[in-house]
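Survey of secondary and tertiary structure
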Amino acid sequence: MVLHKHGEKLYNGLREVVTDHLRNKVREDVLASLNNNFLQTLNAAWEDHQTCMVMIRDILMYMDRVYVSQCNVDNVYHLGLKIFRDEVIRQKEIREHLQEVLLDLVARERRGEVVERTAIRSACMMLTTVSLNGRDVYEEEFELAFLQQSAEFYRLESQKFLAENSTSVYINKVEARIDEEVERARHYLDPMSEPAIVTVLEEELIQKHMKTIVDMENSGAVHMLKNDKKSDLLCMYKLFDRVRNGLETLRDCVSVYLREQGKSLVEDCSQKSAVEYVQSLLDLKDRMDDFLDKSFKKDPIFKKMICNDFEWFVNLNNKSPEYLSLFIDDKLKKGVKMLSEQEVEGVLEKSMALFRFLQEKDVFERYYKQHLSRRLLTNKSISDDSEKNMIAKLKNECGCQFTSKLEGMFKDMQVSSTTNEEFKRHIQDKSLQMSGVDLTVQVLTTGCWPTQASTPNCNLPNSAGLAFSVFKQFYLDKHSGRQLSLQFNRGTADLNAYFYAVAKQQQLENGESEATAPQSKLATNRRHILQVTTFQMTVLMLFNKREQWTFEELQQETDIPAKDLSRALQSLACGKQSQRVLVKEPKGKEINKTDQFGVNDSFTSKLHRVKIQAVAQKQGESEPERKETRSKVQEDRRHEIEAAIVRIMKSRKEMNHTLLIAEVVAQLSHRFHPSPPIIKRRIECLIERDYLQRSNTDRKVYVYLA
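Right, let's get into the sheet that holds strand β5 (residues 596-599). With antiparallel pairing, three strands are arranged side by side in an open sheet as β3-β5-β4. Edge positions in the open sheet fall to β3 (548-550) and β4 (582-585), since each of these has one partner strand only. Shown here is a sheet whose adjacent strand axes are inclined to one another by a mean of 30°, direction ignored. Strands β3 and β5 of the sheet are contacted by helix α24 (residues 551-558), whose axis makes an angle of about 85° with β3.

Quick look at the structure:
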């Protein structure tokens, strides 16, 4: 027929026969089964129709190849699909009942009932197939209603779950539901339905309840953080990672908790020592890093949140730079609880993490310089390698300018060691008299070491004064043009003290201090070496001249400031029983101007070498000292700000006020955060001193003057 130009007649005849069959036979059979085996009847009719259309296509293959392509009409198989779609599936009663049956089966399965999945899969495949190249029939007849029903089902279920369960149980139920729906979609729905149904679940079970989930009392994110429930928190993280703004919601909740914890630690610092204060911050950092690693998969947004929060609360307390320096000082000092090199390295690395959070790094530098100088001068440093390792870490973090003075301190110690060896050879070669004093001098470069506004005075004993004058002559002969001044408050001395068996008096000869033995040991002479400060040595040596001295007489004789003299006498007369070389009248722990002091005849100690401990000071500076340090820091900052302004203007020649402020802040932020008003004042000072001037055309623009 196609060959004889009757292709259209054959094609139309085929359409009429198929339509008639589907309309009068198949549709009627399906309608008759609406209340009995509907889905099985429809699926059987569909299978039968597909088989028939394949057979007809094979019979009419020539028409398919010639007529269909020439006239641009549907091929035989597609024609059969369209007729089945229009005459059967889209018939009103069948269409409504099909949708109702499919949704009912899905709902029953969600409630835990066993359903015939094969029938559902066949029906879904039928809807997809009759959609031809798209998904329009599948979407219109099933998917849209399926997603709406699912949204309503999970909206109600989420409310019920939240009311009845804790956060961790709710999360587990949500994960289980998502897995169920994914498995269901893969088994009998169209593959494109999987992401759509998962999106519905994420919206209804997670997105709409994020705040409720994280803030749930006694089981939310804060509860997990407090009780170290890392695995539960990891489940929450994975769940929230599925939805938009989910991780941000969880991050904000964790941030509130961390800020509360950190703020309570830094505000409670008055009850803690510096070491305890910093250790508590390090413990909190370790905890949060552990959560970051095990619960938040090292997510950058959580890492940034932890850093920002630590920076916020560490800088709430202006003592943080001082306390961090004291903490490092404690770990780098020799002592009973000395750490191994590996432990020291670990502590220093953690300390550097806190150091990075400090905004006032210049304040830390000043305190660190003080504490390092104390360790070096008293030979208390645990090892030079550890000290240099810490300086290398600071150098990597802040540059060589930050550590140049610290490195200069080490250089001074090395040079002093060489100088002392040369001095000892000089004494032997020249046969010089040192009055029995074995002198070791540390020569410190003024610019590198921390100095006080005014060095306290002290009239040294003759023997010590003569010994120093010999060294001074030797040093100035070697280095002409230099000046040497003694820092009395930093020196130490070892005194030989003889305690006689009979006589209740002391003879101090050539720098030797003696005290009488207690009555129970009068039969023996005893000798001790007393380790004391320069001020304590000066006081003790006076008791060679007289047995009794008043406070005012001692001050007049030694010229030591009253505050320093009081501290020296407190440690000698009011310290531990085994260290009381002097006795005070009247007794008491406070030193008054009218007090009298004498040698403690009953002094005894099991140790041959007795270290006289200085009066215990509260760790850290007193408030007046802290104010003085702050004022020095502010003075240094003024110079640094001016130097930065001049550097910038020298390279730019001309610059707008706002841009200049921003550039200065950027350049100095690695040391401290200068405020715009302070920068503006420094600019005004530089204008007054003719380093800069305002532009004639724009008052907000500065011009550099060469």
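Inspection of the entire model under this criterion finds 18 aromatic pairs. Plain terms: the ring middles of W46 and F84 are 5.2 Å apart, the flat faces sit at 55° to each other, and that makes the pair tilted. Here W46, found in helix α2 (residues 38-59), pairs with F84, found in helix α5 (residues 76-89); they are 38 residues apart in sequence, far enough to count as distant. Overall, W46 belongs to the buried group, its relative accessible area being 3%. Taking 5.8 Å as the distance between ring centres and 65° as the angle between the ring planes, the aromatic pair formed by Y237 and F302 counts as edge-to-face. Highlighted residues: Y237 in helix α13 (residues 230-240) and F302 in helix α16 (residues 300-314), separated in sequence by 65 residues. A residue is classified by how much of its surface remains accessible, and Y237, at 5% relative accessible area, is buried. Members of the aromatic cluster, connected to one another through ring pairs, are F355, F364, Y368 and F402. Its guanidinium or amino end placed over the ring of F291, K230 lies 5.1 Å from that ring's centre, counting from NZ or CZ. Residue placement shows R375 over the ring face of Y368; its charged tip is 5.5 Å from the ring centre.

If you trace the backbone, L542 turns up in helix α23 (residues 534-542). Excluding anything up to four places from it in sequence, L542 contacts W549, L554, E557 and T558.

Here is what the cut-offs are and how they apply
Residues numbered from 1 in each chain as written. Predicted model: local features only at pLDDT ≥ 70, side-chain atom pairs only at ≥ 80, totals over all residues. Heavy atoms only, no water. Pairing = 2+ DSSP bridges. Helix = DSSP H or I, 4+ residues; strand = E, 2+ residues; numbered from the N terminus. Axes fitted to C-alpha atoms, helices over the stretch in contact; angles between N-to-C directions. Contact = heavy atoms within 4.5 Å. Phe/Tyr/Trp six-rings, centres within 6.5 Å; stacked < 30°, edge-to-face > 60°. Buried < 20%, exposed > 50% of the residue type's maximum accessible area, 1.4 Å probe, protein only. Lys NZ or Arg CZ within 6 Å of the ring centre and 35° of its normal.

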